[in-house]
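Structural overview for review
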Amino acid sequence: MAGSPRRAAGRRLLLPLLCLLVQVATAILFAVFVRYNHETDAALWHWGNHSNADNEFYFRYPSFQDVHTMVFVGFGFLMAFLQRYGFSSVGFTFLLAALALQWSTLVQGFLHSFHDGHIHVGVDSMINADFCAGAVLISFGAVLGKTGPAQLLLMALLEVVLFGLNEFVLLSLLGVRDAGGSMTIHTFGAYFGLVLSRVLYRPQLEKSKHRQSSIYHSDLFAMIGTIFLWIFWPSFNSAPTTLGDGQHRTALNTYYSLSASTLSTFALSALVGGDGRLDMVHIQNAALAGGVVVGTSSEMMLTPFGALAAGFLAGTVSTLGYKFFTPVLESKFKIQDTCGVHNLHGMPGVLGALLGVLVAGLATHEAYGDGLQSVFPLVAEVQRSARSQAMYQLFGLFVTLMFASVGGSLGGLLLRLPFLDAPPDSQCYEDQMYWEVPQEEEDEAQGPLRTEELDTQA
Amino acid sequence: MAGSPRRAAGRRLLLPLLCLLVQVATAILFAVFVRYNHETDAALWHWGNHSNADNEFYFRYPSFQDVHTMVFVGFGFLMAFLQRYGFSSVGFTFLLAALALQWSTLVQGFLHSFHDGHIHVGVDSMINADFCAGAVLISFGAVLGKTGPAQLLLMALLEVVLFGLNEFVLLSLLGVRDAGGSMTIHTFGAYFGLVLSRVLYRPQLEKSKHRQSSIYHSDLFAMIGTIFLWIFWPSFNSAPTTLGDGQHRTALNTYYSLSASTLSTFALSALVGGDGRLDMVHIQNAALAGGVVVGTSSEMMLTPFGALAAGFLAGTVSTLGYKFFTPVLESKFKIQDTCGVHNLHGMPGVLGALLGVLVAGLATHEAYGDGLQSVFPLVAEVQRSARSQAMYQLFGLFVTLMFASVGGSLGGLLLRLPFLDAPPDSQCYEDQMYWEVPQEEEDEAQGPLRTEELDTQA
Amino acid sequence: MAGSPRRAAGRRLLLPLLCLLVQVATAILFAVFVRYNHETDAALWHWGNHSNADNEFYFRYPSFQDVHTMVFVGFGFLMAFLQRYGFSSVGFTFLLAALALQWSTLVQGFLHSFHDGHIHVGVDSMINADFCAGAVLISFGAVLGKTGPAQLLLMALLEVVLFGLNEFVLLSLLGVRDAGGSMTIHTFGAYFGLVLSRVLYRPQLEKSKHRQSSIYHSDLFAMIGTIFLWIFWPSFNSAPTTLGDGQHRTALNTYYSLSASTLSTFALSALVGGDGRLDMVHIQNAALAGGVVVGTSSEMMLTPFGALAAGFLAGTVSTLGYKFFTPVLESKFKIQDTCGVHNLHGMPGVLGALLGVLVAGLATHEAYGDGLQSVFPLVAEVQRSARSQAMYQLFGLFVTLMFASVGGSLGGLLLRLPFLDAPPDSQCYEDQMYWEVPQEEEDEAQGPLRTEELDTQA
């Protein structure tokens, strides 16, 4: 079942070398730079006269765990809808996220919490690192099945850096608000992945078309991902917001928005479906758009009605995108978007950014009271008007799209390096390229991978 | 694969119209009535001089998330045990719960938190809305596979209203205690569904009998539901109780009760099984009865022994119910109870209500100390004796059974409206009625749905 | 499909009788000894002048729920990788853990919280009971597929007692630190199970070899277990540590360690795999070794770098163990280790204990400040030097190995009692021995179990 000897030897070494190299480099950087912050360090915490109940851990860790579940269970299983790519979907999600969270701890640390020559870590950095991993997994969704693990590792290494830079520009330099990451996570991750997928365009991909669909049980596995993403999204958007009313309101808004996007997704899916039947692809994905679309605005005084309206719109746009826009994206724009991240993260992300522009522009001292300081500190400190904050929000979207496009292009060029062991066109969406697959299933499906196929494009 | 043109056109529009109509109506009512409460509103929260740590969010949100997981993951996958109805089980759970939580926010809000012309929402209303969704899903279990999504939406609309009224009568008018909902959720949801199923009785249902069983992997998917329900049930019962010892004791009692119902379920299942073999139906369901049976009493001073004894009894009754009573329910009472909700929610719910009568009647100042005020405020304020509280608890059970029976009858009549696109007798328990199902699986099973079949009862 | 009449009758009664006997005995002991502690008892809690926010529930319950998820979802599904043993893996996990947590509440209660003739229970005892259940499930992994439920119940009864004694010797008598249980849970559970498996050695096990592998979907079910174990392991290690910086630091260290073990597992799996392919067995298991290896030291000032290095090492050792050592374990040592617990819990557990020796020996007042009291109270109170603490840690490992070996031997002899209904060699790893299995699947697989096979070794 082996390919040509040289190729096999190369593959045997490529992924291990990359993993080990990255892990050793990261560990060295950790040794030099990363230190416990004052809430995790035994001496620092006990030096002050804190009550243990004040430790940030108790305010953030439950939210962190929900985010962690979304990243590893949610994204992993959501992408397991393909009939022969479940190992890779769940497995590479596991690998990429484990890498991204370490690497992002460093990148975000240098940009956000670098004091006295050290990066200081605690539950805040864990949340932010997982957020960055989420963006990487969104991009993974665009190229799912068409890239090997070595390519994906390089993609993650690059994307984490650009994610950190973009986030730094938005949050720290421009004073943009984006707690749940409509821009920094969803828009960035989606367009980075889509541009990258454009650069890696495969005109012969129909050779693997028969594997690019689900089977009954793979759709159920995918629903595990969907439901865990859906239930924990309120925690995702609220994990990094200010304590008290901030987290509470963000969770509530997201909860309403998601419930509305679920109803509009079912409605539209049946409406555009053949014979009024529902389409699992829509339910698995578009129902989640309500979480994306309030990523920026859910910490604001969006109102419960605003949350419902936003979710309703997002579910509608996303479902229509899956039905009508994904085919166009491939045929006209030569973008092969395996998971439809443009529909779930791209368009709803941009909508979410625009909704943030609107809600920020409408912010008043009356509506926020003393809470204005928490949500729009620069407006509360009269450094900006609400309208000016809105303009900054809009500019933040523009910056994000720039970073994503340039980054995705660079990433695409990087991933075209020939030694990276990309799957041939005829072996896309196929676990056997990278995994030992149990024998029984091979027989049931289309037989073991033949040597010729593996070598075709090697 | 289409039915008659008119029918297809009707179906294409029915579900979308219902979803959109309900969503638009709900959104308008939200715009007019629903407002952030003082813990989620930026101005209101910051107006007082609160510590952020005092925000209800930190005391309730982790419990809420566990409840949310139970509703969407637990119920959804538990019902996915049917071989060809996994999409519908998980998908319609998703749709129904997303609708119910919005609609229930309104109904419960009008009844419980309507002040100055507005409903005030926060984590408490989220928990209560999810509880109501749970009751709807219990009823769904009774009619699973025999009802279409349009019927289910109407059922949910009606049931949410009656759930709210029943709960209002019990908790607000009668001063009944029922934190974990042995009465308000389990008894109500079960008998509402059973009576409804009686009205929808299908004498020709054996035409779909071959689909009314599990296959190996569908049983494993169902176990995902079971285990998530089981592990988070302590959070379910304790989510709405008073803070401090109340939540703590409720979680502990539920934990013990569930562990005992698990042991008695395994024991009884092997005892009544053919050749001593265990039956997955029992394990998936009856092992959960320990959570139901302490729904009323787990916040009380039930004692750890009391919790074990209650769970033991519930697991026993529930397993025996599956083995011996479900067949009788169909043959004698013409109630087709797909998931056996009578065994998991009906009988254990009634038992739980009676256990609440007993434990309430035994309450003393000595056992509860100053905590009596939290558990039985009317007894602590000497407005009632403990024995009188017990009588009110018993009356609450009676009221619940009345609401459920009358409501289920009404619901059944409503769902018999001919244009609601119920599945024909030969196409029950079949995803293809309402979902695009991946082609491979159709071939493996009994071939694509034929046009004639679809039209048979149209 | 029945065996000989006498055998069938015996089997029908054995499991039920054992379950009922144990449950009744436990309930009686609960009635006599178990009482609410001062945080769960209504009168006791309200007697003091506590703020409800101070209740231990709010500091521990979210961690408990994560641990609970790991025990029931994590272990259960991780072991469901076998093609025909999913019901038993998930189901017996359910049964064993439900029993172990009750029984362990008693055993640990007598040893740790027995005052005035009563055991006092609350969220702490829930966490500790679940920890003990974890150890039992580790041992279950070593004998998975080769033992019947009655045997497993007896194993659990014995192991819980020895677990409690070993933990008491280490934590209470020797003053050893082992928050996340590298020694008390992982080393103990693994070697108990391995020695037990040695005693139950089956030279004819190859008769069931064809069932001792996974199929495509069973590997995906197993990944549900893996991922839930992985994401919640930070909560596992931090659940019982001191509040404040202790829990925070423990969670952070575990998070880093796991991310590094994931990278080294992918690297090594591809390196040693045929043709550079990844092996699901490694990913499902060895990636978790990072959680095991910091079980002792993650509450200490391990440093983020130390956590990465430890995880890296553990993933490497564990993967190499699966590849090269498991076959030797069977061929030379006659230990048939179904899940490879030696690689995931045994070796990483011992490594974790040794790492604890090292980090304890390096503890200084400077590094821990006033926090030294929380982590090493005996060192802070100058009853011991750090070096002496290290020696005690090492002795704790030795004690654990003794308890595990002697206990596993006793357990093995106990489980060889002939009436315990062990599966015959030809029917290992087969759900049909103990479960009603849906008919379709039987046909697809190797046909229904024949009477002769069942009776072969009866």
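Here's a quick rundown of the structure. Note that this is a predicted model, so its numbers are computed, not measured. (Residues numbered from 1 in each chain as written. Chains lettered and ligands numbered in written order. Predicted model: local features only at pLDDT ≥ 70, side-chain atom pairs only at ≥ 80, totals over all residues. Heavy atoms only, no water.)

1. Here we look at the overall build of chain A
Per the secondary structure count, chain A includes 19 helices and three strands. Its C-alpha atoms give chain A a radius of gyration of 22 Å, within 12% of the compact-globule value 23 Å for 458 residues. Each principal axis of the C-alpha distribution contributes one length, and for chain A these read about 70 × 60 × 35 Å. A total of 458 residues make up chain A; the buried ones form 69% of that total. For chain A, restricting intrachain contacts to residue pairs at least 6 apart in sequence, the fraction spanning at least 24 positions comes to 81%. When the accessible surface of chain A is summed, it comes to about 13,500 Å², and 65% of that surface belongs to carbon and sulfur atoms. (Helix = DSSP H or I, 4+ residues; strand = E, 2+ residues; numbered from the N terminus. Rg over C-alpha atoms; globule rule 2.2 N^0.38 Å. Buried < 20%, exposed > 50% of the residue type's maximum accessible area, 1.4 Å probe, protein only. Contact = heavy atoms within 4.5 Å. Areas by Shrake-Rupley, 256 points an atom, 1.4 Å probe, with all protein chains shown as cover.)

2. Topic: the interface of chain B and chain C
Size of an interface: often given as the accessible area lost when the parts come together. On the chain C side, the residues contacting the 69 residues of chain B number 81 residues. Buried surface at the junction of chain B and chain C, summed over both partners, amounts to about 6,300 Å²; 72% is from carbon and sulfur atoms. Our enumeration of links across chain B and chain C arrives at zero salt bridges. Scanning the region where chain B abuts chain C turns up 22 residue pairs in polar contact (both at pLDDT 80 or more). For the side of chain B that touches chain C, the elements supplying multiple residues, two or more each, are α3 (57-78), α8 (216-238), α9 (245-272), α10 (280-285), α12 (304-331) and α14 (365-368) of chain B. Sorting elements by how many residues they give to the side of chain B that touches chain C places α9 of chain B first, with 19 residues. A per-class count over the side of chain B that touches chain C returns 40 nonpolar, 20 polar and nine charged. (Buried area = accessible area lost by both parts, 1.4 Å probe. Salt bridge = Lys/Arg side-chain N within 4 Å of Asp/Glu carboxyl O. Polar contact = N/O pair within 3.5 Å; in protein donor to acceptor, adjacent residues only side chain to side chain. Nonpolar A, V, L, I, M, F, W, Y, C, P; charged D, E, K, R; others polar.)

3. Some details on the sheet that holds strand β2 (residues 114-115) of chain C
Residues and elements named next belong to chain C. Strand order across the open sheet formed by three strands is β1-β3-β2, with mixed pairing between neighbours. Across the chains shown, the open sheet's two edge strands, defined by having one partner strand only, are β1 (34-36) and β2. Where β1 and strand β3 (residues 118-121) come together, three bridges link them in parallel fashion. Of the residues in β3, the one forming a bridge with Arg 35 is His 120. (Pairing = 2+ DSSP bridges.)

4. Things to note about the sheet that holds strand β1 (residues 34-36) of chain B
In spatial order, the strands read β1-β3-β2 (chain B); together these three strands make up an open sheet with mixed pairing. Either end of the sheet is taken by a strand with one partner, and the two such strands are β1 and β2 (114-115) of chain B.

5. Overview of the relation of the copies chain B and chain C
Least-squares fitting of chain B to chain C yields an RMSD of 0.0 Å, with the superposition described by an axial translation of 0.0 Å and a rotation of 120°. Accordingly, the operation relating the two chain copies is best matched by a three-fold axis. For chain B, the residue whose C-alpha comes nearest the rotation axis is Pro 62 of chain B, separated from it by 3.8 Å. Different-surface contact between copies: only 10% of interface residues of chain B are shared with the interface of chain C. (Least-squares fit on C-alpha atoms with pLDDT ≥ 70 in both.)

6. Quick word on the environment of Leu 302 of chain A
By the secondary structure assignment, Leu 302 of chain A is in the loop between α11 (289-293) and α12 (304-331). Leu 302 of chain A sits 53 residues away from Arg 249 of chain A along the chain, and the two C-alpha atoms are 9.1 Å apart.

7. Here's the deal with the pattern of salt bridges
Residues and elements named next belong to chain A. Counted by the stated rule, this structure contains 24 salt bridges over all chains. Among the ionic pairs, Asp 275 bridges to Arg 277, the shortest N-O distance being 3.3 Å. Comparing Asp 275 with Arg 277, the two get one shared label, buried. In this structure, a network of salt bridges that share partners links the residues Glu 56, Arg 60 and Asp 124.

8. A look at the packing of aromatic side chains
Inspection of every chain in the model, using the stated rule, returns 87 aromatic pairs over all chains. Each ring, one from Phe 59 of chain A and one from Tyr 58 of chain B, has its centre 5.0 Å from the other, and the planes form 80°; the classification is edge-to-face. Here Tyr 58 of chain B lies in helix α3 and Phe 59 of chain A lies in helix α3 (residues 57-78), a pairing that spans two chains. Just as Phe 59 of chain A is buried, Tyr 58 of chain B falls in that class too. Ring geometry for Phe 188 of chain A and Phe 192 of chain A: centres 5.7 Å apart, planes at 35°, overall tilted. Separated by four residues within a single helix, Phe 188 of chain A and Phe 192 of chain A lie in helix α7 (residues 182-199), roughly one turn from each other. With relative accessibility at 0%, the residue Phe 192 of chain A sits in the buried group. A network of ring pairs unites the aromatic residues Phe 72, Phe 87, Phe 92, Phe 94, Tyr 434 and Trp 435 of chain A together with Tyr 216, Trp 230 and Phe 266 of chain C as a single cluster. (Phe/Tyr/Trp six-rings, centres within 6.5 Å; stacked < 30°, edge-to-face > 60°.)

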